[in-house]
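Observations on the model geometry
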Amino acid sequence: LYRRSGRRIETEAVAGTRPRGDSLDSDRALARELAASSKEQGEHRVVVDSIHDALHPLCAEWLQERAPHVVKLRTVQHLVTNCCGRLREGVSDADILANLHPTAAVSGWPRAAALAAIARVEPFDRGWYAGPVGWLGCDAAEFAVAIRSGLVIGSKLCLFAGAGIMGDSDPAAEWQETEAKLAAFVSALTTS
């Protein structure tokens, strides 16, 4: 979600996903496909713009990369745009959290309308899913979004992941994306 050191704040927009390829060539092809996808670029732009709208007013200085780059994780690759700024005097972590949470990557944008739509169509309470998890101190703080997470209740394990739904989303592709995001959990649970 963000990292703060003194008045310096860093965050990143992470939205737009493809799985990793099973060879170097297929991995590179998937990265090119991700970078060229208008749907993924649109999804990413919503998140970048929402972060800008949330943090820019809290900052005396604000910088963000002009274009996203691809970051490769174990089972997926994402479009990422790094952002940083210098917070105005008096801005607290509570102010930052109130402006950033929930992020457009998990709630949609504009936030109020998207949250109302989610409440109407999701058949469950998200609970802690996508909540801010982290620590804070006087001179520093760091929070992540509990977006790929698990919750143990007794002997039951619930795994959570999601996908950015846009007007041109393909439901089957979004389901595949969610399964790719959960693959690291499944791998860890089945190989131990």
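In the block above lies the structure referred to throughout.
Here goes a summary of the coordinates provided.

What follows is about the overall build of the chain. Secondary structure assignment for the chain yields six helices and nine strands. The principal-axis extents of the C-alpha atoms in the chain amount to approximately 50 × 45 × 35 Å. Across the 192 residues that make up the chain, the buried fraction comes to 34%. Taking the intrachain contacts of the chain between residues at least 6 apart in sequence as the baseline, contacts between residues at least 24 apart amount to 61%. Within the chain, one finds 21 positive and 24 negative side-chain charges whose respective centroids are separated by 2 Å.

Relative to the assigned elements, Ser149 resides in strand E8 (residues 149-153). Here the side chain of Ser149 touches Ala146 through a polar contact of 3.2 Å, landing on its backbone oxygen. Aside from chain neighbours lying at most four places away, what touches Ser149 is Tyr129, Cys158, Leu159, Phe160 and Phe185.

Assignment of secondary structure puts Cys84 in strand E5 (residues 76-87). Discounting residues that sit within four places of it in the chain, Cys84 has contacts with Arg8, Ile9, Glu10, Glu61, Trp62 and Leu63.

Under the definition given, this model contains 16 salt bridges. Residues Arg3 and Glu10 are paired through a salt bridge, measuring 3.6 Å at the closest nitrogen-oxygen approach. With a relative accessible area of 40%, Arg3 lands in the partly exposed category. Across the pair Glu89 and Arg7 runs a salt bridge whose closest N-O atoms are separated by 2.7 Å. A residue pair is termed long-range when its members are at least 10 positions apart, and Glu89 in the loop between E5 and helix H3 (93-100) and Arg7 in the loop between strand E1 (2-5) and strand E2 (8-19) qualify at 82 residues.

Turning to the nonpolar core, a few remarks are in order. As a rule of thumb, soluble globular proteins bury nonpolar side chains together. By size, the foremost hydrophobic cluster in this structure holds 21 residues, and its most contacted members are Tyr2, Ile9, Ile51, Leu55, Ile96 and Leu100. Residue assignment for this core shows that the elements contributing at least two residues are E2, helix H2 (38-55), strand E3 (59-64), E5, H3 and strand E7 (140-145). Considering each element in turn, this core owes the most residues, five residues, to H2. Among all residues touching Ile51, those that are not within four sequence positions of it are Thr11, Glu12, Ala13, His56, Trp62, Cys83 and Leu100.

The subject of this paragraph is the packing of aromatic side chains. For the structure on display, the rule yields two aromatic pairs. Ring geometry for Tyr129 against Phe160: centres 5.8 Å apart, planes inclined by 35°, an arrangement best described as tilted. Taken together, the residues span a long stretch of sequence, with Tyr129 in the loop between helix H5 (111-121) and strand E6 (132-136) and Phe160 in strand E9 (residues 156-160) at a distance of 31 residues.

Here we come to the pairing of E1. Residues in a regular strand project their side chains so that they alternate between the two faces of the sheet. Side chains Tyr2 and Arg4 project from E1 onto a buried face, and the interleaved Arg3 and Ser5 project onto a face without burial. Pairing of E1 with E7 involves four bridges; the strand directions are antiparallel. Residue pairing across strands places Tyr2 opposite Phe143, the latter belonging to E7. Strand direction decides the pairing type here: E1 and E2, joined by three bridges, are antiparallel. Residue pairing for E2: Arg4 is matched across the bridge by Ile9.

What follows is about a nonpolar patch on the surface. Taken together, the side chains of Val152, Leu157 and Leu189 present a nonpolar region at the surface, about 280 Å² in accessible area. Looking at the secondary structure, you find Leu157 in strand E9.

Quick notes on the rules
- Chains are numbered independently. Their residues run from 1 in the order of the written sequence.
- Given that this is a predicted model, residues contribute local features only at a pLDDT of at least 70 and side-chain atom pairs are listed and counted only at 80 or more, while totals for whole chains, interfaces and linings are drawn from all residues.
- Side-chain calculation: all heavy atoms of the structure are included, whereas hydrogens and water are not.
- Runs of H or I in DSSP of at least four residues are treated as helices and runs of E of at least two as strands, each being numbered from the N terminus.
- Residue exposure (1.4 Å probe, protein chains only): buried if accessible area is under 20% of the type maximum, exposed if over 50%, otherwise partly exposed.
- Pairs of residues are marked as contacts when any of their non-hydrogen atoms sit within 4.5 Å.
- His residues and chain termini do not enter the charge count, which takes Lys and Arg as positive and Asp and Glu as negative.
- Each charge is placed at NZ for Lys, CZ for Arg, CG for Asp and CD for Glu.
- The term polar contact refers here to a pair of N or O atoms within 3.5 Å; inside protein, the definition further demands a hydrogen-donor-capable atom paired with an acceptor-capable atom, and it admits residues adjacent in sequence only when both atoms are side-chain atoms.
- The rule for a salt bridge is simple: a side-chain nitrogen of Lys or Arg has to be within 4 Å of a carboxyl oxygen of Asp or Glu.
- Nonpolar cores are built from buried Ala, Val, Leu, Ile, Met, Phe, Trp, Tyr and Cys residues. Side-chain atoms within 4.5 Å join them into one set.
- By convention, a stacked pair of Phe, Tyr or Trp rings (six-membered ring in the case of Trp) has centres within 6.5 Å and planes under 30 degrees apart, an edge-to-face pair has planes over 60 apart, and any other such pair is tilted.
- Two strands pair under a simple rule: DSSP has to find at least two bridges between them.
- Note on patches: the residues involved have over 30% relative accessible area and no salt bridge, like charges join within 9 Å, and the nonpolar side chains Val, Leu, Ile, Met, Phe, Trp and Tyr join within 5 Å.
- Computed by Shrake-Rupley with a 1.4 Å probe, the accessible areas treat only the displayed protein chains as cover when residues are assessed.

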